[in-house]
Amino acid sequence: MSADVASVTSPRPVPRAGVLAIDAYVPGKSTAAGVKKVYKLSSNETPLGPSPKAVAAAQHAAAELELYPDGAATRLREAIAAKFGLDPARIVCSAGSDEILSLLAHAYIGPGDEGLFCEHGFLVYRIATLAAGGTPVVARETNLTASVDALLAAVTPRTKIVFLANPNNPTGTYLPFEEVKRLHAALPPHVLLVIDAAYAEYVRRNDYSSGIELVATSENVVMTRTFSKIYGLAGARLGWAYMPAHVADAVNRIRGPFNVSGPAQAAGIAALADEAHVAAAVAHNERWLPWLQAEIATLGLAVTPSVGNFLLIHFPETPGRTARDADTFLTRRGLILRGVAAYGLPHCLRLTVGTEEANRLVVQALADFLGGRDA
């Protein structure tokens, strides 16, 4: 029986073909039963929290919750444009950068089309492609890093979007800008290259670029960004993207008319202006990311070098010492890390850089775990 016939004869509404085959995104856990204090190190949230100025702006805007927000997010787009030297007409704001990713998929991918991404890329790329009716295509990585050659080899006449997280989550690796430009130069002009630069503010490498220059000089490149990470506004759900005018026109036709709330817009404007708070977040990460990497490596665990605000820790397959065993042990101590089996990394846990207290506790807990001590 065909899906259409089944829908007609079903006693209740039936989703279109393929929807129920999508594995829903499961966020990192945030609780630990029976533990007095929990250190959530599973979602790459900043340990410094949001700018107090952003909180105050959101609270002020909340006094007018009965009013619809500016559907064009005009002031926010202008603030972003002023911050980065961009054309505000080519900026689209969203409820988190994952909304922009989904909107792009719905605008450019349909049945028979393909969305291409790396094997350990953000799970939303697959979800967005499938939700749009397309086919996900996965390119192998080299040493947990995106491979331009593998991506290009996977491009077919049906490829409509190439999603590239740079830096990548959960591996923390990145492609130098010259490699990104090489990828773009070899793509057919009708293929959209989407550079997901959610962690761009943390990167301190001279050969890195978020992709703004490529968007400015191309007709088929989009760069997405988020306020959820270094700006500490994950709960506000706020993202944005810079794109060619014709892509912005397409996305604006299908996005919700009031997709970004008033308090979120106000918080974003204030967060952009508080440069000292962002600088403090960068400094904190610059101190503790290498410290965590060195300390954990000293314990005998492999750690993938990262340019983000998180580390990918590799565990052996030895019974009692696996990533799952470590996760259970750490959770009992209130230390919540992120299992990444859904990313094809079942032997790893992802650790967000936390407060000094959390960072020291997690290293000690890992030492105790490996030493056979009780949780």
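- An unreviewed UniProt entry annotates the protein as Histidinol-phosphate aminotransferase originating from Chelatococcus albus.
- Annotation of the protein in UniProt includes, under Subunit (unreviewed entry), the sentence "Homodimer."

1. With respect to the nonpolar core
Here is step 1 of the chain: If you look at the biggest cluster of nonpolar residues, it comprises 62 residues, and the most contacted ones within it are Leu76, Leu193, Phe227 and Trp240.
Here is step 2 of the chain: With seven residues, helix α10 (residues 262-273) is the single largest residue contributor to this core.
Here is step 3 of the chain: If we ignore the near neighbours within four places in the chain, the residues touching Trp240 are Ile80, Phe84, Leu86, Ile91, Val92, Cys93, Ser94, Met223, Thr224, Arg225 and Phe227.
Here is step 4 of the chain: Counting residues in each nonpolar core, the second largest holds 31 residues, with Ile109, Leu123, Leu144 and Met243 among its members.

2. A word on the sheet that holds strand β10 (residues 310-314)
Hydrogen bonds along the backbone pair up the strands of a sheet, which may run parallel or antiparallel.
Here is step 1 of the chain: With antiparallel pairing, the four strands of this open sheet are ordered in space as β9-β10-β13-β12. Among the strands making up the open sheet, the edge pair consists of β9 (302-304) and β12 (338-339).
Here is step 2 of the chain: Direction of pairing for β12 relative to strand β13 (residues 348-352): antiparallel, over a ladder of two bridges. Residue Arg338 lies in a different strand from β13, and its bridge partner there is Arg350.

3. Re the pairing of β13
Here is step 1 of the chain: A large share of β13 lies buried, amounting to five of its five residues.
Here is step 2 of the chain: Both faces of β13 are covered, namely the face carrying Cys348, Arg350 and Thr352 and the face carrying Leu349 and Leu351.
Here is step 3 of the chain: Examined bridge by bridge, β10 and β13 share five bridges and lie antiparallel to one another. Within β13, the residue paired with Leu311 across the bridge is Leu351.

4. Looking at the pairing of β10
Here is step 1 of the chain: In terms of burial, β10 is a largely internal element, four of the five residues being buried.
Here is step 2 of the chain: Both β9 and β10 contribute to a ladder of three bridges, which runs antiparallel. By the bridge assignment, Val303 is partnered in β10 with Ile313.
Here is step 3 of the chain: Hairpin remark: β9 followed by β10, antiparallel, with five residues in the connecting loop.

Parameters at a glance
- Residues numbered from 1 in each chain as written.
- Predicted model: local features only at pLDDT ≥ 70, side-chain atom pairs only at ≥ 80, totals over all residues.
- Heavy atoms only, no water.
- UniProt positions renumbered as here; feature names shortened; annotations may be inferred.
- Core = buried A, V, L, I, M, F, W, Y, C linked by side-chain atoms within 4.5 Å.
- Buried < 20%, exposed > 50% of the residue type's maximum accessible area, 1.4 Å probe, protein only.
- Helix = DSSP H or I, 4+ residues; strand = E, 2+ residues; numbered from the N terminus.
- Contact = heavy atoms within 4.5 Å.
- Pairing = 2+ DSSP bridges.

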